[in-house]
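Chain residues, written in single-letter form:
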Amino acid sequence: MNTSSNAKNAIILSGKMLSPGMGSGKAFIYRDLLTRYDEFYDIEEPDTDDELERFSLAVAKVSDDLSILVSRVSREMDKNLSDIFSAHITMIKDPALTAEVKHEITENLVSAGSAVRTVFRRWERRFQRMEMNIAKHKADDIRDLLRRLIASLAGVRGHSLEHLPEGSILIARRLLPSDTIYLARKNAVGAILEYGGLGSHAALFAREIGLPCITGVQNAVELIPSGGATLVDANAAEIIIHPSLDQQHHFQLKTQALIHDKHQARLNAQQVAISKQGKKIAVYANVACVADTQKAVDNGADGIGLYRIEQVFLGHQTPPDVWTLVNEIRIALAPAKHLPITIRLLDAGADKPLPFMASLRETNPALGQRGIRFLQAYPDLLQTQLEALLQLSTEFNLKILVPMVTLIDDIKAVKQQLLKLCAKLALEAPKLGAMIETPAAALSLQAIAKYADFMSFGTNDLTQYMFAADRENAAVERYFDDVHPAIFRLFEIAHQDLPEVKFSVCGELAGRTDSIEKLINNGVTILSVAPPLVPSIKQKVRQTP
Ligand code: PEP
Ligand code: MG
């Protein structure tokens, strides 16, 4: 990253484009209230409100986690044990206890973590000094809760993005999938991040909502003044803070030219895309919410190639039931009711942690219980989704996609469960597809095809697993190369193994204009891309020999 001073007050910064486009607005600095790792510190008087809020958020988060734990433990383990956690929920909200913590923060000017530690230890000692056994247990309970609260204070995400003003340029260290719920409301017109690789979820999300975004801007959170006028030219990976009139004028001209080019591509967007060799290629869109779907339809998408159901789960503290899923998905997909739609089952884990997964601790989550592996461990979650999707299949032309299929059994088991449910509900089974995201799956397509009606390549994860490079880790970004010959070699093998099969690609590779010819030549007939990219990808298909 470079920094230089231009006109009197202008600061020019540069980074790396994560998502194209241009945006101008006021800088909004996103400081995560609850991600300070050293929880024990003194504060100044003006910080007391922040600390009180952190404490309240942590209490709310811990009681939500406990509620989930209560239902899981009582269902899968022991009712007595679940009663203990129910008691913890009451205890953590005890008015006398919380009043003491708040008093500690405001009177002794210490952080929420310090206050919690002091007060909870005091209560623990009190119970320990009592003679009865029951009181001794309470001391243990208090200690347990203290641990939970401190852990929560160190890691629970705040909600500062909930109040993101319209027309903001978001400045953040990095973005996590859970932050994106707030960005989906469209108040941001650009984003500047310190970290975040091309394959990160922040990148996918930014591209999907057409949010111009630059990453790799060191110390952006410290360097950029809150509320400062900021121009983001993501195409040139350049940022200007406090621009001069000349710079503003130049930026406006460039923005207008960009809008003009987009307009040209959009003029043909509603027409089908046929390559010069006469191959008809369907250009679909990846969506997560109704605004995405609307944009996909407006931009001429021929279908929805990937509906990311995670957004529904991210919006709830506990797993949604069948009718919540039906209602929310119905709203999200309504604009595409006339089009073919592929809905992916919950792809939780690794880069997509969910609120109710806190108890799942793995040393290497990307290689752990994610995607279909997680659903197999929690069959109720799978059953609820299948039931909801079957209900929706009576209204929509839909297919179901299974994430992270690796073993034949991953798809076979879902197929069996789906057919059983169809028989029970007397409904026709929708087509079931396998998402090809691991090298093992890509090299086992003939076997997978026995149970899968279609196959869609998720090249984001496929790249991550091919190159052993975490898609979220900027430090190994150069290994995360989704246009590397090794990736296209896999496509060649897939095409040789199943020459008659028409493949889809719904990873970011589908939106890379320089890869389209190679994909089309290897049996790919559906490219599913971020909604803003649909017109330009159609245009590119038409120019492809
Ligand atoms: C992929 O892995 O390519 C994909 C489309 O899924 P996600 O990015 O949601 O993991
Ligand atoms: Mg994936």
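Student: Quick one: what's the story with the overall build of the protein chain, residue by residue and with numbers?
Tutor: Secondary structure assignment for the protein chain yields 21 helices and 18 strands. Here the protein chain holds 545 residues, and the buried ones make up 52% of them. Expressed as a percentage of contacts within the protein chain between residues at least 6 apart in sequence, the contacts between residues at least 24 apart total 66%. Element-wise, carbon and sulfur atoms account for 52% of the exposed surface of the protein chain, whose accessible area totals about 24200 Å².

Student: Which residues make up the site of ligand 1, and what are the values?
Tutor: In the vicinity of ligand 1, 16 residues are found, and the nearest of them are Lys352, Glu437, Gly458, Asn460 and Arg471. Here an oxygen atom of ligand 1 and a side-chain polar atom of Glu437 are 2.9 Å apart. In this structure, an oxygen atom belonging to ligand 1 sits 2.8 Å away from a side-chain N or O atom of Arg471. Protein chains shield 100% of the accessible area of ligand 1, which is 290 Å² for the free molecule. At the level of secondary structure, the elements contributing two or more residues to the shell around ligand 1 comprise helix H7 (201-208), strand E12 (304-308) and helix H18 (459-467). Per-element tally for the shell around ligand 1: the top contributor is H18, with three residues.

Student: Hey, could you go over the coordination of the magnesium ion (ligand 2) for me, with residue numbers and the actual values?
Tutor: The protein atoms that coordinate the magnesium ion (ligand 2) are Glu437 (OE) and Asp461 (OD), at distances of 2.0 Å. One end of the pair, Glu437, is in the loop between strand E15 (432-436) and helix H16 (439-442); the other, Asp461, is in helix H18, with 24 residues separating them in the sequence. Under the relative-accessibility criterion, Glu437 is labelled buried at 2%.

Student: Give me the packing of aromatic side chains: which residues, what numbers.
Tutor: Considering all chains together, one arrives at three aromatic pairs under this definition. An angle of 45 degrees between the planes, with centres 5.0 Å apart, marks the rings of Phe374 and Tyr378 as tilted. As far as burial versus exposure is concerned, Phe374 and Tyr378 are alike and both buried. A connected cluster of aromatic rings, assembled from ring pairs, spans Phe457, Phe491 and Phe503. Positioned above the aromatic ring of Phe454, the side-chain terminus of Lys399 is 4.9 Å from the ring centre. When the ring centre of Phe488 is taken as origin, the NZ or CZ atom of Lys518, which lies over that ring, is 4.5 Å away.

Definitions and limits used
- Residues numbered from 1 in each chain as written.
- Chains lettered and ligands numbered in written order.
- Predicted model: local features only at pLDDT ≥ 70, side-chain atom pairs only at ≥ 80, totals over all residues.
- Heavy atoms only, no water.
- Helix = DSSP H or I, 4+ residues; strand = E, 2+ residues; numbered from the N terminus.
- Buried < 20%, exposed > 50% of the residue type's maximum accessible area, 1.4 Å probe, protein only.
- Contact = heavy atoms within 4.5 Å.
- Areas by Shrake-Rupley, 256 points an atom, 1.4 Å probe, with all protein chains shown as cover.
- Near = heavy atom within 4 Å.
- Polar contact = N/O pair within 3.5 Å; in protein donor to acceptor, adjacent residues only side chain to side chain.
- Donors = N, O, S within 2.8 Å, 3.2 Å for Na, K, Ca; no water.
- Phe/Tyr/Trp six-rings, centres within 6.5 Å; stacked < 30°, edge-to-face > 60°.
- Lys NZ or Arg CZ within 6 Å of the ring centre and 35° of its normal.

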